[in-house]
Protein chains: 2
Amino acid sequence: MTTEAEADLDLALRALADGNRRAILQVIRSAPQPVGTIAEQVGLSQQTASHHLGVLRKAGLAVGTREGTRHLFAVDTDGLAAVRSYLDDFWPAKLAALKTVIEARQEGPRG
Amino acid sequence: MTTEAEADLDLALRALADGNRRAILQVIRSAPQPVGTIAEQVGLSQQTASHHLGVLRKAGLAVGTREGTRHLFAVDTDGLAAVRSYLDDFWPAKLAALKTVIEARQEGPRG
DNA sequence: AGCTAACACAAACGAAGGTTTGTACTCACG
DNA sequence: CGTGAGTACAAACCTTCGTTTGTGTTAGCT
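Nothing here was measured: the structure is a model prediction, and the numbers come from that model.

Engineer: What is the right way to look at the overall build of chain A in this model?
Structural biologist: If you tally the helices and strands in chain A, you get 6 helices and 3 strands. Each helix and strand of chain A, placed in order from N terminus to C terminus, yields the pattern α-α-β-α-α-β-β-α-α. Residues counted as buried form 42% of the 111 residues belonging to chain A. A separation of at least 24 residues holds for 49% of the contacts in chain A among residues at least 6 apart in sequence. Counting every atom, chain A has about 6,300 Å² of accessible surface; 49% of that belongs to carbon and sulfur.

Now the structure itself:
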């Protein structure tokens, strides 16, 4: 369904809208890290970091792995791919839109 | 400063986080349209649409052109490019190449 | 089994953002 | 200049979201 992709895109975009979550992604960008380390790196409490990790997880932007008592989180490219392909859809259209702007100005106020 | 690009990215990401604004981008994706038409297309009031258009404009996602009493809005790729390059930074080189392959397969014949 | 560490879940609080309502401004027209 | 169409700005209201606080759950250790 197209609606499913829409919902996934919406989750990913809303997750990326927060600076703390982007900071978390930066922290786990190179290597997966436990929640405690992530919280310390971004200057958040354990609970808040865990919350944001959950948001990122549901958005398909992060994946978690059980490592004993720790929970290692890493970047998931699934959600990022959804956003990327969404953005890419605007590139070819932009050229056409730009052309239409010029045409619209040439047409004048009345159609 | 890197903070400047960060601020631009933040604006674009927060602007894209709203479904109505994404709907507006879809409306003006193919051709620039006046505020009244956009509002009608997405099912919003003129004031609300104007507000979102302002958000998209400040985020570098939309550009407006004065057309007499009308104000034509079109998609601006500046903000989208900022988001795109940000996302690309998360992909390890190997995965980025893989992603490009997938995109190429989607455009080409059946694979 | 008891204890400790690491993490997740849930409710409450506060702030940020979207919608509505009202109004002022600009441009086209006579 | 006065009128009407189209749009932007501002304040009030309400919803959403991030943070805090408190607590439950799982795993490792003695």
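Engineer: When you look at the confidence of the model for chain A in this model, what are you seeing that I'm missing?
Structural biologist: Low pLDDT marks stretches whose predicted atomic positions should not be read closely. With 80% of its residues at a pLDDT of 70 or more, chain A has an overall mean of 86. This model gives residues 102-111 of chain A a pLDDT under 50, and the stretch forms 7 contacts once residues within four places in sequence are excluded.

Engineer: It is not clear to me how the protein's contact with DNA strand D should be interpreted in this structure. Could you clarify?
Structural biologist: The environment of DNA strand D is formed by 22 residues, the closest being Asn 20, Arg 21 and His 52 of chain A together with Ser 50 and His 71 of chain B. Residue Arg 21 of chain A places a side-chain N or O atom 2.2 Å away from a phosphate oxygen belonging to DNA strand D. Between DNA strand D and the protein, one listed contact pairs a base nitrogen with a side-chain N or O atom of Gln 46 of chain B at 3.1 Å. For the surface near DNA strand D, the secondary-structure elements that each account for two or more residues are helix H2 (19-30) and helix H4 (46-58) of chain A together with helix H3 (35-42), helix H4 (46-58) and strand E3 (70-75) of chain B. Ranked by the residues each element gives to the surface near DNA strand D, the list is headed by H4 of chain A, at 4 residues. Grouping the amino acids of the surface near DNA strand D by side-chain chemistry returns 3 nonpolar, 14 polar and 5 charged.

Engineer: Before we go on, may I ask you to explain H2 of chain A in this structure?
Structural biologist: The α-helix winds at 3.6 residues per turn, so residues separated by three or four positions along the chain end up facing the same way. Arg 21, Arg 22, Ile 24, Leu 25, Val 27 and Ile 28 of chain A are the residues of H2 of chain A that are buried. Backbone nitrogen of Asn 20 of chain A and a side-chain oxygen of the N-cap are separated by 3.3 Å at the start of H2 of chain A; the cap is Asp 18 of chain A.

Engineer: Explanation requested: the pairing of strand E2 (residues 62-67) of chain A in the structure shown.
Structural biologist: Taken residue by residue, a regular strand's side chains alternate between the two faces of the sheet. All names here are of chain A. In terms of strand pairing, E2 meets strand E3 (residues 70-75) through 6 bridges, oriented antiparallel. Looking at E3, one finds that Ala 62 is bridged to Val 75. Taking the residues that link successive antiparallel strands as the turn, the E2-E3 hairpin has 2 residues, and the phi of Gly 68 there is positive, at about 70°.

Engineer: What is the right way to read the protein's contact with DNA strand C from this model?
Structural biologist: The environment of DNA strand C is made up of 20 residues, and the closest members are Ser 50 and His 71 of chain A together with Asn 20, Arg 21 and His 52 of chain B. Among atoms of DNA strand C positioned within 4 Å of the protein, sugar and phosphate together represent 70%. At a separation of 2.6 Å, a phosphate oxygen of DNA strand C approaches a polar side-chain atom of Ser 50 of chain A. Separating a phosphate oxygen of DNA strand C from a side-chain N or O atom of Arg 21 of chain B is a distance of 2.3 Å. Secondary structure elements with two or more residues in the surface near DNA strand C: helix H3 (35-42), H4 and E3 of chain A together with helix H2 (19-30) and H4 of chain B. Here the surface near DNA strand C takes 4 residues from H4 of chain B, the largest share from any one element. Looking at side-chain class alone, the surface near DNA strand C contains 3 nonpolar, 12 polar and 5 charged residues.

Engineer: What am I meant to see in the packing of aromatic side chains here?
Structural biologist: We describe a pair of aromatic rings using the distance from one ring centre to the other and the angle between the two ring planes. Residues and elements named next belong to chain A. Applying the stated rule across the entire model yields 2 aromatic pairs over all chains. Both rings, one in Tyr 86 and one in Phe 90, keep their centres 5.3 Å apart while their planes meet at 85°; by these two values the pair is edge-to-face. Across this residue pair, the class does not change: Tyr 86 and Phe 90 are buried.

About the criteria used
Residues numbered from 1 in each chain as written. Chains lettered and ligands numbered in written order. Predicted model: local features only at pLDDT ≥ 70, side-chain atom pairs only at ≥ 80, totals over all residues. Heavy atoms only, no water. Helix = DSSP H or I, 4+ residues; strand = E, 2+ residues; numbered from the N terminus. Buried < 20%, exposed > 50% of the residue type's maximum accessible area, 1.4 Å probe, protein only. Contact = heavy atoms within 4.5 Å. Areas by Shrake-Rupley, 256 points an atom, 1.4 Å probe, with all protein chains shown as cover. pLDDT = per-residue confidence, 0-100. Near = heavy atom within 4 Å. Polar contact = N/O pair within 3.5 Å; in protein donor to acceptor, adjacent residues only side chain to side chain. Nonpolar A, V, L, I, M, F, W, Y, C, P; charged D, E, K, R; others polar. Pairing = 2+ DSSP bridges. Phe/Tyr/Trp six-rings, centres within 6.5 Å; stacked < 30°, edge-to-face > 60°.

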